Amino acid sequence: MKFSDVGGTRPPVLTRRAEAETCADPSSVMTLLADSDDTADGFTCYRSTFAEGAVGAPAHFHTKATELFFVISGSLRVLVGEEVTVLEAGDFLAVPPHMPHAFAAAPGCEADVLFVFTPGMGRFDYLRLLGRVMRGESDAKEIAESAERFDNHYVDSPVWRAVLEASA
């Protein structure tokens, strides 16, 4: 189905499951649903399914975007600032700009999570890059070099490091 452009606004975005691009690495599969260039309000949305105990993202923050998390199933361990909590199926979290955060599937659990960034910026290329780095097809320094482009700024979090070390 193709929606039409009405009154000069962008049309609704419809991504069929069978047509969605996926990016996979050894610990997760990301289903790319809507990138900011295609959305009227400039949001980005994707779904990640994490293998049992898989580490998602290290501690980082965004300067422009609020990152929204909705746990579809499983359990996701999340760092927000200096606090670590576990989100369960049906839980929602909104992390504002400049707030350090990190996430991983909770120990012994898988996690299926819907992510939304608003306002968004084209992030699908970043997700593709992450997959290439995790598969050993690209150098990790490309991630650091892309921090400004994708508004993804990594920080050190002793709290998050301790949590991950304790569950290793």
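These figures come from a predicted structure and were not determined experimentally.

A. Examining the overall build of the protein more closely. What the protein contains, in helices and strands, is four helices and ten strands. For the protein, the succession of helices and strands along the chain, N to C, is β-β-β-β-β-β-β-β-β-α-α-α-β-α. Whereas a compact globule of 168 residues would reach a radius of gyration of roughly 15 Å, the protein reaches 16 Å, a difference of no more than 12%. Summarising its shape, the C-alpha atoms of the protein cover approximately 55 × 30 × 30 Å along the three principal directions. A total of 168 residues make up the protein; the buried ones form 40% of that total.

B. How the structure looks around helix 1 (residues 124-134). Regarding helix 1, the residues found buried are F124, Y126, L127, L129, G131 and V133. Downstream of helix 1 by one or two residues, G136 has phi in the positive range, about 80 degrees.

C. Up close: the nonpolar core. Core analysis: the largest hydrophobic core is formed by 28 residues, its most contacted members being F50, F69, L76, F103 and V113. Among the secondary structure elements, those contributing two or more residues to this core are strand 2 (28-34), strand 3 (44-50), strand 5 (66-80), strand 7 (92-95), strand 8 (101-105), strand 9 (111-118) and helix 1. With five residues, the single largest contributor to this core is helix 1. With residues up to four places along the chain from it excluded, the contact list for F103 reads F50, V55, G56, A57, H60, E67, F69, L76, R77, V78, F115 and W160. One finds A59, L79, W160 and V163 within the second-largest nonpolar core, a separate group that totals six residues.

D. Local environment of the packing of aromatic side chains. Overall, the coordinates contain seven aromatic pairs when judged by the stated rule. Ring geometry for F50 versus F103: centroids 6.0 Å apart, planes at 70 degrees, classification edge-to-face. Of this pair, F50 sits in strand 3 while F103 is found in strand 8, placing the two residues 53 residues apart along the sequence. For F50, a relative accessible area of 6% gives the class buried. Between F69 and F115, the aromatic rings sit 5.1 Å apart at their centres with planes inclined by 65 degrees, giving edge-to-face as the arrangement.

E. View of unusual backbone geometry. A cis amide bond, omega -10 degrees, links T118 with the succeeding residue P119. Looking at the secondary structure, you find P119 in the loop between strand 9 and helix 1. Its identity as a non-glycine residue notwithstanding, H98 has a phi of 75 degrees, on the positive side. You can see H98 is positioned in the loop between strand 7 and strand 8.

F. A look at the pattern of salt bridges. Evaluation of the coordinates by the stated rule reveals six salt bridges. Between R128 and E21 there is a salt bridge; the shortest N-O distance is 2.6 Å. Separated by 107 residues along the polypeptide, R128 in helix 1 and E21 in strand 1 (residues 21-25) bring together distant segments of the chain. We classify R128 as partly exposed; its relative accessible area is 25%.

G. Highlighting the environment of P119. A relative accessible area of 48% places P119 in the partly exposed class. When the C-alpha positions of P119 and K64 are compared, they lie 7.1 Å apart, and in sequence the two are 55 residues distant. Dropping the residues within four chain positions of it, P119 is found in contact with G42, K64 and A65.

Criteria and cut-off values
Residues numbered from 1 in each chain as written. Predicted model: local features only at pLDDT ≥ 70, side-chain atom pairs only at ≥ 80, totals over all residues. Heavy atoms only, no water. Helix = DSSP H or I, 4+ residues; strand = E, 2+ residues; numbered from the N terminus. Rg over C-alpha atoms; globule rule 2.2 N^0.38 Å. Buried < 20%, exposed > 50% of the residue type's maximum accessible area, 1.4 Å probe, protein only. Core = buried A, V, L, I, M, F, W, Y, C linked by side-chain atoms within 4.5 Å. Contact = heavy atoms within 4.5 Å. Phe/Tyr/Trp six-rings, centres within 6.5 Å; stacked < 30°, edge-to-face > 60°. Salt bridge = Lys/Arg side-chain N within 4 Å of Asp/Glu carboxyl O.

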